[in-house]
Amino acid sequence: MSTTTVPAGPWRVSLAALRHNRAAMGAAVLFVLVVLACVAAPLYAHQVAHTDPFRSTISGTTTVDGRTVPLLAQSSTGLGLGVTPIGPTWDPGHYFLGADNQGRDVMARLLYGGRNSLLIGVSSALLCCLLATLIGVAAGYAGGILDSVLSRLLDVVWAVPVYLLAICLSVVLLTSGLHLGPVTVEAGSLWVPVVIIAVVYVPYVARPLRGQVIALRHREFIQAAIGLGASDLRIMRRDVLPNVLPTVIVFLPLMTALNMLTESALSFLSVGVQPPDASWGTIINDGLGLLYTRPAVTIAPGLAIALTAGALNVFGDGVREALDPAARLRGAAAVRVRAGGTP
Amino acid sequence: MRRNPIRSTTLVAASAALALAAACSSSSGTPGTRSSGGNGTTSGYQAAHQGGTLTLLAKSAGGTLDPQVNYTLQYWQLYQAMYDGLLAFKKVNGQASFTVVPDLAQALPQASNGGKTYVFTLRQGLKFSTGAPVTPADVVASFERIFKVSSPTAGTFYNGIVGADACLAKPGTCSLAKGVVGDAAAGTVTINLTAPDSEFVYKLAVPHASILPKDSPATDAGTKPLPTTGAYMVSSYDPNRALKLVRNPNFTQWSADAQPRGYPDEIDENFGLSVEAEVTAVENGQADWVFDPPPADRLGEMGTRYANQVHVNPLTAFWYLTLNTNLAPFNNEAARQAVNWAVDRAALVRLYGGPNLAQPVCTILPPAFPGHVDSCPYTKGGGTTWTAPDIDKAKQLVQQSGTAGQEVGVVVQDDEVNKSIGEYLQSLLTQIGYKAKLKPLSANIQFTYIQNTNNKVQLALTSWYQDYPAASDFINVLLSCASYHPGSDSSINIAGFCDKGVDAQIQQALTLGQTSQAQADARWGQIDQAIMAKSPVVPIFTPKLVDFLSKRVGDYQFSKQFYMLVDQLWVK
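Keep in mind it's a predicted model, so treat the numbers as computed, not measured. (Residues numbered from 1 in each chain as written. Chains lettered and ligands numbered in written order. Predicted model: local features only at pLDDT ≥ 70, side-chain atom pairs only at ≥ 80, totals over all residues.)

The next point concerns the overall build of chain B. Helix and strand counts for chain B stand at 15 helices and 19 strands. Its C-alpha radius of gyration of 23 Å places chain B within 12% of the 25 Å reference for a compact globule of 572 residues. Projected onto the principal axes, the alpha-carbon positions of chain B cover approximately 70 × 55 × 40 Å. Considering only intrachain contacts with a sequence separation of at least 6, the fraction spanning at least 24 residues in chain B is 73%. (Helix = DSSP H or I, 4+ residues; strand = E, 2+ residues; numbered from the N terminus. Rg over C-alpha atoms; globule rule 2.2 N^0.38 Å. Contact = placed C-beta atoms within 7 Å.)

Counting secondary structure elements, chain A contains 12 helices and 6 strands. Summarising its shape, the C-alpha atoms of chain A cover approximately 85 × 55 × 40 Å along the three principal directions. Scored against the burial criterion, the 343 residues of chain A give a buried share of 43%. (Buried ≥ 20, exposed ≤ 12 C-beta atoms within 10 Å, placed from the backbone.)

Paired through their backbone hydrogen bonds, the strands of a sheet run either parallel or antiparallel. Residue and element names in this part refer to chain B. Spatially, the 5 strands line up as an open sheet ordered E7-E8-E9-E1-E10, and their pairing is mixed. Of all strands in the sheet, those bounded by a partner on one side alone are strand E7 (232-238) and strand E10 (289-290). Pairing between strand E8 (residues 242-247) and strand E9 (residues 266-271): 5 bridges, direction antiparallel. Its bridge partner lying in E9, leucine 245 is registered against isoleucine 267. (Pairing = 2+ DSSP bridges.)

As a further point, take unusual backbone geometry. Residue proline 275 of chain A is joined to proline 276 of chain A through a cis peptide bond whose omega torsion reads 10°. Relative to the assigned elements, proline 276 of chain A resides in the loop between helix H9 (232-268) and helix H10 (280-288). Cis peptide bonds are those with omega within 30 degrees of zero, and the linkage from alanine 328 of chain B to proline 329 of chain B qualifies with 0°. For proline 329 of chain B, the location among the structural elements is in the loop between strand E12 (317-323) and helix H8 (333-342). We note that aspartate 555 of chain B has phi near 60°; this positive angle belongs to a residue other than glycine. Looking at the secondary structure, you find aspartate 555 of chain B in the loop between strand E17 (537-548) and strand E18 (558-559). Given 18 C-beta atoms within a 10 Å radius, aspartate 555 of chain B is considered partly exposed.

Residue and element names in this part refer to chain B. As a packed pair, H8 and helix H10 (residues 391-401) sit with axes 8 Å apart at the nearest point and diverge in direction by 165°. On the basis of the axis angle, H8 is roughly antiparallel to H10. Note on packing geometry: the crossing formed by H8 with H10 is left-handed. Judged by residue contacts, Ala334, Ala335, Gln337, Ala338, Trp341 and Ala342 of H8 engage Ile391, Lys393, Ala394, Leu397, Val398, Gln400 and Ser401 from H10. For the contact of H8 with H10, the residue count by class is 9 nonpolar, 3 polar and 1 charged. (Axes fitted to C-alpha atoms, helices over the stretch in contact; angles between N-to-C directions. Parallel < 35°, antiparallel > 145°, perpendicular 65-115°, else oblique. Left-handed = near helix turned anticlockwise from the far one by under 90°. Nonpolar A, V, L, I, M, F, W, Y, C, P; charged D, E, K, R; others polar.)

With that settled, the discussion passes to the sheet that holds strand E5 (residues 180-183) of chain B. Residue and element names in this part refer to chain B. What the 3 strands build is an open sheet, ordered E4-E6-E5; its pairing is antiparallel. Strands at the two margins of the open sheet, each flanked by one partner only, are strand E4 (117-121) and E5. Going across the sheet, the axis of each strand differs from the next one's by a mean of 15°, ignoring polarity. In terms of strand pairing, E5 meets strand E6 (residues 188-192) through 4 bridges, oriented antiparallel. Bridge assignment links glycine 182 to a residue of E6, and that residue is valine 189. Helix H3 (residues 136-148) contacts E5 and E6 of the sheet and is inclined by roughly 165° relative to E5.

Right, let's get into the interface of chain A and chain B. On the side of chain B, 36 residues touch chain A, which itself brings 27 residues to the contact. Every element with two or more residues in the side of chain A that touches chain B is listed here: strand E3 (72-74) and strand E4 (83-85) of chain A. The class makeup of the residues in the side of chain A that touches chain B is 11 nonpolar, 15 polar and 1 charged.

Residue and element names in this part refer to chain B. Where E4 and E6 come together, 5 bridges link them in antiparallel fashion. Counted as the bridge partner of threonine 121 is threonine 188 from E6. The turn joining E5 and E6, which pair antiparallel and follow one another in sequence, is formed by 4 residues; a positive phi near 70° is taken by glycine 187.

Next up on the list: helix H8 (residues 220-227) of chain A. For H8 of chain A, a buried count of 0 out of 8 residues is recorded, marking the element as mostly open to its surroundings. At the exit of H8 of chain A stands glycine 229 of chain A, carrying a positive phi of roughly 90°.

Let us look at the environment of alanine 49 of chain A. All names here are of chain A. Examined against the element boundaries, alanine 49 turns out to sit in the loop between helix H3 (41-48) and strand E1 (61-64). Alanine 49 sits 58 residues away from methionine 107 along the chain, and the two C-alpha atoms are 8.9 Å apart. In this view, alanine 49 contacts Tyr44, Pro92, Gly93, Asp105, Met107 and Ala108; residues no more than four positions away in its chain are not counted.

This part takes up the packing of helix H5 (residues 144-159) of chain A against helix H7 (residues 191-217) of chain A. All names here are of chain A. It is the contact of H5 with H7, at a shortest axis distance of 8 Å, that shows an interaxial angle of 125°. Taken together, the axes of H5 and H7 are oblique relative to one another. Crossing hand, H5 versus H7: left-handed. Of H7, the residues touching H5 (which contributes Leu154, Val157 and Trp158) are Val200, Val202, Pro203, Ala206 and Arg207. When its residues are assigned to classes, the contact of H5 with H7 shows 7 nonpolar, no polar and 1 charged.

Now for the nonpolar core. Residues Cys128, Val205 and Met255 of chain A together with Leu321 and Ile475 of chain B are the most contacted members of the largest nonpolar core, which totals 259 residues. It is helix H4 (residues 106-142) of chain A that provides the largest number of residues to this core, a total of 17 residues. Isoleucine 475 of chain B has contacts with Ile364, Ile506, Trp524, Ile527, Asp528 and Ile531 of chain B, leaving out every residue within four places of it along the chain. (Core = buried A, V, L, I, M, F, W, Y, C linked by C-beta atoms within 7 Å.)

Residue and element names in this part refer to chain B. For helix H11 (residues 416-432), spanning 17 residues, the distance from its first C-alpha to its last is 25 Å, which sits close to the expected 24 Å at 1.5 Å a residue. Where burial is concerned, most of H11 is hidden: 15 out of the 17 residues are buried. Where H11 terminates, the next one or two residues include glycine 433, which has phi positive at roughly 120°. (Expected span 1.5 Å × (residues − 1).)

Quick look at the environment of aspartate 547 of chain B now. Residue and element names in this part refer to chain B. Its place among the elements puts aspartate 547 in strand E17. Sequence-wise, aspartate 547 and proline 389 are 158 residues apart; in three dimensions their C-alpha atoms are separated by 32 Å. Apart from residues lying up to four places away in sequence, aspartate 547 is in contact with Trp289, His311 and Met564.

A word on the confidence of the model for chain B. All names here are of chain B. Counting all residues, the mean pLDDT for chain B is 90, and 92% of those residues have values of 70 or more. Below a pLDDT of 50 lies the segment residues 3-32, which in the model reaches 99 contacts outside its immediate sequence neighbourhood of four places, other chains included. Residue range residues 35-42 is modelled with pLDDT below 50. Its contacts to residues more than four positions away, or to other chains, number 19 contacts. Model confidence for the complex: the whole-complex pTM is 0.83, and ipTM, which rates the interface, is 0.81. (pLDDT = per-residue confidence, 0-100.)

As a further point, take the environment of valine 189 of chain B. Residues and elements named next belong to chain B. For valine 189, the position within the fold is in strand E6. When the C-alpha positions of valine 189 and alanine 137 are compared, they lie 8.7 Å apart, and in sequence the two are 52 residues distant. Excluding residues that lie within four positions of it along the chain, valine 189 makes contacts with Phe120, Leu122, Pro136, Val139, Val140, Val180 and Gly182.

And the structure:
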């Protein structure tokens, strides 16, 4: 009886490499924990904190150490000017991270805000990568006029600073919504920031993909497919796309992190997620007026953004190393050099 | 008048009510405060304190420098030391600041011809900052210029001058040949009105009636300063950087009541810092005063660590919601009343900074204002003062009106306080059965945006501060048919409320004011209640003003009409 060893496929090899990357795995676990916490936001708000994070309760009260206290306390010293929301109580049932200036539970809003930030970050990254892949593959494979037109369009978008373009688009779309044929996005909808963020980052993904496709276009296997009479669509779908997919996958977590940061920035500037919806950016904006008295309102979402974006970046690096054999080789060579071996 | 961007202006009338307002004044009375006992008497000019540079801070500039066009408190406050009219509000501390005194005119005029004619004699030796003499021809030209530059109050304050109708119709060729008549030889100016106007003396004492050289441009002067008659003049103005005032070399004090000598040699108003940074600068002694309302999170610190530098004064003003009576759902009276029942005034007072900075109100006329009557038709359990909202009743009214589930856009300014109130309103409207959307707009455009009916604003948050002390400046200006101009950016009747019955009562009150101010004020009180029964607006609170000064500043004086007297501050 003879035994044959089937070599592991490239995907399996990459997955194994990723699994052995402790930093990437740690980041992935952290990201999953954040996602789970945010998914459980309604559970926390209704079953633990017993609060509605979207309703103003300015005249409300809560219980701290058995005492009933107002959510917004009037200053009782000096001239008695100003009103300060309750700070962190560290009691999950009673305003764990304190209240904002509307008397809303910051912890509950943080979790709900995370849902929107993650939703926008992931959705816009997917949409961006999808659009960028379509454009990059079409432009790189077709060449000629189509490539020129698409490339110049990408150049135009790239020429405008990302945030300036995003703010301009937001101001317009938040006023009138988006109406493109059968596609309608209402003003104030969460899809407005998703679409805007996806569009402004398309050139950043599409251009490297286009370059990769141009290189692939002249490879033997593509030429052979052309010689065999395969249609352009088939070649792009069966031969080109699988070869650029690892690059797209590498981009995905990195773009998610970048898009979350962009969403937070736009929401902070009041041109992203609109009230009563919350995101980490809007919560930071809410906390801006409380920076001196209740910094937790700003610090908590800031930390959440930093942790999540950091985790996605570390995980994204891990994915890149796992999917790019050259990167692995470069990494191994570097290790050998540091260890005194031959590169 | 609107204060830019948060506060605005005011008015008052009967002396009894004014005395009551004086009793309510709560200026903190720190060592640097001029003590005048509220009667306006001062201890005279103290030359030892003359000199130095007073540095003021504002987040942004107040727009055009033209005193006949600008309608912001930010510059009206500075105009007090720069421009003069025939009459002026007395520039003193306290209640006496509502008193009208002769300024460029020698004396207060006696109305003749049944209250339709006023004759003024100009003081001798008056000069503009250019050195040119002030003549009756300048006065005539200045009144015509009010119409030529389409002053914001041309159609409301000065439309009673003979010939004003034609000027309003064709501003470019305005001639008041029969309305404002100058006699160069006698040094007099005669103003003829089409009908008696008991408030006309007030209207002559505001900056829009400033006297300017007759060769002033017939268009908005913009950033180019016009010659002044007062103690100071503009030396430079860059709306992105600073406004600098220096002493007018041709000024000689003619009346300490109307235009007193100032103390600082130079007054600089610098623009561009955030309000947080402005407060820090004053705390550190790098600047002397902050124009903008202080941020909520700094109030506690200011009221404790810097209490001696803080002055809090009640204003004759109110913050209110406008409910568009011509658009669903608020074209339904029950729906409008529902909002009045639902709004928690105490909560909004908290958002403004707490009960020491604002007081809940139920009426259009602020407390202690002429015509004000204590009444509160929309408070839980009834009573004459507001105690609590009645959400259940509001929900019931929304259901009764058949408007439940409709969309309501809430238009507010995008600063911290306004946006917070907007978020509260959005939450509240959702709670009582509407689908509310918040539309925060830049303070620069929100006030004109909400006035234009083409923008279909259903509910807006705004504020009104008196121009001069009379009830008509609130009720007639804000809620009469004459103030409603569909399609215009200058339709100050934002609710679009036009009730023929109420309008007739307004005319009666205005007529009554020519013979008996007390009876007129009583009538204004009744009109206030009649309007509130129809609920086109939701009065929420009357604010107080916080002035935060640096440690070195002395001689703080608060005019109830134009607020802190900037040029009377000592920096030496």
